[in-house]
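Take a look at the letters that make up each chain.
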Amino acid sequence: MTTLWDIIHLLTETPLFFVAIGGLTWGILGGALPGISASITMALVLPFTYTMDPAQAIALLACVYIGAEYGGSIPAILIRTPGTNSSAATVIDGYEMNRQGRAGEALGISLMSGVVGSLFGLAMLILLTEPLSWLALAFTPPSYFGLGILGLSVIASMSGGSLIKGLAAATVGLMIATVGTDPISGVTRFTFDIPDLLGGIEPVLVMVGLFALTELMSQSGSSTVLQLNETIRIKLPSWSMMNKLKRSQTIGCILGLFEGLTPGGGGSIAAFMSYNEAKRWSKTPQSFGKGSEEGVAAPEAANNTVASTALIPLLSFGIPSSNSTAVLLGGLLMHGLIPGPRLFEQSAQVIDSIYVGSFIAIIAQIGVGMIILPACIWLVNRPRAYRAGFIFALILSGIFTLNNSLFDLGIALALGLVGYLMRIAGFPVLPMILGVVLGHMVESSYRRSLVLSGGEHMIFLQDPIAVCLLSIALIFVVFSLSREFRDARKTKIEEAHS
Amino acid sequence: MYKDLISGVVLLAVSGTYYAWSSQIADSTLSDEVGATGLPRVLSVILAILAVLLIGRAMLLRRARTATAAADADEGDAGLPRAIGFLLLGAVYVFVLPFIGYVAGTALLIGAVALYEGAPRHWVVVAAAVGGAVFYWAIFVKLLGVHQPVGTLFQGMF
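What counts as what
Residues numbered from 1 in each chain as written. Chains lettered and ligands numbered in written order. Predicted model: local features only at pLDDT ≥ 70, side-chain atom pairs only at ≥ 80, totals over all residues. Heavy atoms only, no water. Helix = DSSP H or I, 4+ residues; strand = E, 2+ residues; numbered from the N terminus. Rg over C-alpha atoms; globule rule 2.2 N^0.38 Å. Contact = heavy atoms within 4.5 Å. Lys, Arg positive; Asp, Glu negative; His and termini not counted. Charge placed at Lys NZ, Arg CZ, Asp CG, Glu CD. Buried < 20%, exposed > 50% of the residue type's maximum accessible area, 1.4 Å probe, protein only. Areas by Shrake-Rupley, 256 points an atom, 1.4 Å probe, with all protein chains shown as cover. Axes fitted to C-alpha atoms, helices over the stretch in contact; angles between N-to-C directions. Left-handed = near helix turned anticlockwise from the far one by under 90°. Nonpolar A, V, L, I, M, F, W, Y, C, P; charged D, E, K, R; others polar. pLDDT = per-residue confidence, 0-100. Salt bridge = Lys/Arg side-chain N within 4 Å of Asp/Glu carboxyl O. Buried area = accessible area lost by both parts, 1.4 Å probe. Polar contact = N/O pair within 3.5 Å; in protein donor to acceptor, adjacent residues only side chain to side chain. Domains from an automatic or database assignment. Expected span 1.5 Å × (residues − 1). Phe/Tyr/Trp six-rings, centres within 6.5 Å; stacked < 30°, edge-to-face > 60°. Core = buried A, V, L, I, M, F, W, Y, C linked by side-chain atoms within 4.5 Å. Parallel < 35°, antiparallel > 145°, perpendicular 65-115°, else oblique.

Caption draft 1: Quick peek at the overall build of chain A. When helices and strands are tallied, chain A shows 23 helices and 2 strands. Computed over its C-alpha atoms, the radius of gyration of chain A comes to 22 Å, within 12% of the 23 Å expected for a compact globule of 498 residues. Contacts spanning at least 24 positions in sequence make up 79% of the contacts within chain A whose residues lie at least 6 apart. Of note, chain A has its 26 positive side-chain charges centred 13 Å away from the centre of its 29 negative side-chain charges.

Here it is, written out as structure tokens:
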């Protein structure tokens, strides 16, 4: 149990303070770069965390996530190009305010609404995560198997309209997870006498390859030129303005909480839903789309809330509900930390560091956000050719840091190609990452369960937690399948009419 | 649909290859009932089923949309050769790194990528490449204490 003393100790602990500020700064810079999503920003920093203290490493990643969610709104407001997917809804009224010469005001509203959303999300994270994880104290190998399957069932809602492709990507991810030493018998699988493969393919390589390298390859040859006005400065909203924004921020917070807890929800859905609801409940709905302050506040409060609440299912049960939380899960696994009750029992320091680091980052966001804006504008204005060179070198240097292995670089480059081909063919990458990160847990808990039961599969139906988790997974899959069939039928009808 | 058809065939080939490799996994006396080959075999069967479903769906949709067949045939990605070229720069970097070392290798990578991405041939490219390499060397080697390759050509200098 975390005591007040633990919190005070962590708050005053110098490295965590700098880690939080560093993560926040990196997140804002990365999020501000169009095309570099929150998950890519996190994936870029992931290799650096390898040599860090686990508690600080995870806190750093959580702070990067917070920073990236705010950073994404900067180009959304200034050049009508969302830096991250979840800031797409901010474009509507943020850019309109910019056109009216109110860019500083829009950036200020975005920043403060983000802080409100993040604080609410953090409070929910602290209140809900630990109680939920108590449930996991009763977990047995069959329960862990159910949990793994529940995690994989997220694939159904993240397959981007093609369940077959999502399942195929996940299967390939599970295949990658089988490379290395077998968890039960210890024999080697698919290692081809290559010593570097004995420990398997690290999830971080898959993430960096599929997210960051694929994105760089996709942007190659792009002639898009972005130019931001370098004189813009943030203007924080007054108390009366904050009072006016109360309703839209509350809507953003509530929907952000709901979407953060829902697998496949994510910041973008929360942001668009909040925008719609804020418009519906607004006293001046006619101003939406014409530079409404509430139209900026609602989506920003929502996507920043998600940055914290998406950690609730991740830390309690190890279920990543978005790309960014999948990267965070990769970070946890890289440091040998298994989400769930054991994390709270054995590595309470990690949990405390996430809470305290996030709190520092959220509060510091106001100052850092104002100070760093000129740097963000400078970075976005750099020629893309140089930016690509620097990012590519950073990625490869970071990967080498993991194991001082050139082989790892080769694996990551190969996965970059795989990710690019998947993108061309319309395969979602997140299911593949889920397969890689959850594969080991699913296989080992399944086989341990069978060892315990003497080969009887009934063990999975005798464990109440496993039954419950498998049922939820089934509901997710059925719900996603019905949605896919419904969408397909709708498209067919629309095509027939046209 | 053309892409789905190709994807399905590729996945089928991956599934077959993976199954063949899984049969080469050694037996162990410590093995449980499922064994080290259990999951790989199940996965290869699942992937094969999904690949067949993908191929089947692509063929059905292709037949249904004969009118747009010509358009389908044109489906492709013009950026693929360019993206592969970009990736090859990384592959060359990995290959030369043990010989020329981290600083020179990184400078070459930054410069090559900048030129490949359309930066004008100007001294700025060289300055950015060298400056960037030294900056990363300072961060990784000096600040983080990571041992990046020194390179057989420059051994003893760093």
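Caption draft 2: Spotlight on the overall build of chain B. A tally of regular secondary structure across chain B gives 5 helices and 0 strands. For chain B, the residues scored as buried account for 37% of the 158 residues in total. Of the contacts formed within chain B by residues at least 6 apart in sequence, a portion of 67% connects residues at least 24 apart. Surface accessibility of chain B: about 8,800 Å² in total, with carbon and sulfur atoms responsible for 71%.

Caption draft 3: Highlighting the packing of helix H3 (residues 38–45) of chain A against helix H4 (residues 54–71) of chain A. Residue and element names in this part refer to chain A. Their axes nearest at 9 Å, the elements H3 and H4 cross at an angle of 145°. Regarding H3 and H4, the two cross each other, and that crossing is right-handed. Seen from H3, the contacting residues are Ala-38, Thr-41, Met-42 and Val-45; seen from H4, they are Leu-60, Leu-61, Val-64, Tyr-65, Ala-68 and Glu-69. Among the residues forming the contact of H3 with H4, the class breakdown is 8 nonpolar, 1 polar and 1 charged.

Caption draft 4: Quick look at the confidence of the model for chain B. In this model, chain B carries a mean pLDDT of 85, and residues with pLDDT of at least 70 account for 87%. For the stretch residues 70–75 of chain B, pLDDT sits under 50, and the model shows 5 contacts to residues farther than four places along the chain or on other chains.

Caption draft 5: Representation of the pattern of salt bridges in the model. Residue and element names in this part refer to chain A. Applying the stated rule across the entire model yields 14 salt bridges over all chains. A salt bridge links Arg-189 to Glu-443; the shortest N-O distance between them is 2.8 Å. With Arg-189 in strand S2 (residues 188–189) and Glu-443 in helix H21 (residues 430–453), this pair connects stretches of sequence that are 254 residues apart. We note a salt bridge from Glu-443 to Arg-447, for which the minimum N-O separation is 2.8 Å. Of this pair, Glu-443 and Arg-447 both sit in helix H21, separated by 4 residues, roughly a single helical turn. Like Arg-447, Glu-443 is buried. Shared partners join several salt bridges into a network, and the residues in it are Arg-102, Glu-105, Lys-244 and Glu-293.

Caption draft 6: Local environment of the interface of chain B and chain A. On the chain A side, the residues contacting the 64 residues of chain B number 57 residues. Approximately 5,100 Å² of surface area, both sides summed, lies buried where chain B meets chain A, with 76% of it carried by carbon and sulfur atoms. The tally of links from chain B across to chain A stands at 2 salt bridges. The partner of A:Arg384 in a salt bridge is B:Glu117, and the shortest N-O contact between them spans 2.3 Å.

Caption draft 7: Main features of the side chain of A:Ser316. All names here are of chain A. Mapped onto the fold, Ser-316 is located in helix H15 (residues 311–317). Within the structure, Ser-316 has its side chain in polar contact with the backbone oxygen of Thr-129 (distance 3.3 Å). Within the structure, Ser-316 has its side chain in polar contact with the backbone oxygen of Ile-312 (distance 2.7 Å).

Caption draft 8: Quick look at the domain arrangement of chain B. Partitioning chain B into structural domains gives domain 1 (2–73) and domain 2 (80–154). The C-alpha centroid of domain 2 of chain B is placed 38 Å from the C-alpha centroid of domain 1 of chain B.

Caption draft 9: Quick look at helix H12 (residues 246–261) of chain A. For H12(A), with 16 residues, the first-to-last C-alpha span of 23 Å sits near the 22 Å given by 1.5 Å per residue. Within H12(A) the residues assigned to the buried category are A:Ser248, A:Gln249, A:Ile251, A:Gly252, A:Cys253, A:Leu255, A:Gly256, A:Leu257, A:Glu259 and A:Gly260.

Caption draft 10: The packing of aromatic side chains, seen in detail. Taken as a whole and assessed by the stated rule, the structure comprises 13 aromatic pairs over all chains. On the basis of an interplanar angle of 70° and a centroid distance of 4.8 Å, the ring pair of A:Phe192 and B:Trp21 is categorised as edge-to-face. Within this pair, whereas A:Phe192 is found in the loop between S2 and helix H10 (203–219), its partner B:Trp21 is found in helix H1 (residues 2–22), the two belonging to separate chains. Aromatic rings pair up to connect A:Phe390, B:Tyr102, B:Phe135, B:Tyr136 and B:Phe140 into one cluster.

Caption draft 11: Representation of the environment of A:Ile176 in the model. Residue and element names in this part refer to chain A. Inspection of the secondary structure assignment puts Ile-176 in helix H9 (residues 163–177). Take Ile-176: its relative accessible area is 13%, and that puts it in the buried class. Residues Ile-176 and Ile-338, 162 residues apart in the sequence, show an inter-C-alpha distance of 19 Å.

Caption draft 12: Expanded view of the nonpolar core. In this structure, A:Leu315, A:Phe392 and A:Ile395 are the most contacted members of the largest nonpolar core, which totals 177 residues. Examining the composition of this core, we find that 15 residues originate from one element, helix H18 (residues 348–381) of chain A, more than from any other.

Caption draft 13: The arrangement of the environment of A:Gly435 in detail. Topologically, A:Gly435 is positioned in helix H21. Residues within four places of A:Gly435 in sequence aside, it is in contact with A:Leu152, A:Ala170, A:Gly173, A:Leu174 and A:Ala177.

Caption draft 14: Spotlight on the packing of H9(A) against helix H2 (residues 38–64) of chain B. Running from N to C, H9(A) and H2(B) cross one another at 155°; their axes reach a closest spacing of 10 Å. Of the possible angle classes, the one that applies to H9(A) and H2(B) is roughly antiparallel. In this structure, H9(A) meets H2(B) at a crossing whose hand is left-handed. Note on element contacts: H2(B) touches H9(A) through B:Leu43, B:Ser44, B:Ile46, B:Leu47, B:Leu50, B:Leu53, B:Leu54 and B:Arg57, opposite A:Ile164, A:Lys165, A:Leu167, A:Ala168, A:Thr171, A:Val172, A:Leu174 and A:Met175. For the contact of H9(A) with H2(B), a count of residues per class yields 12 nonpolar, 2 polar and 2 charged.

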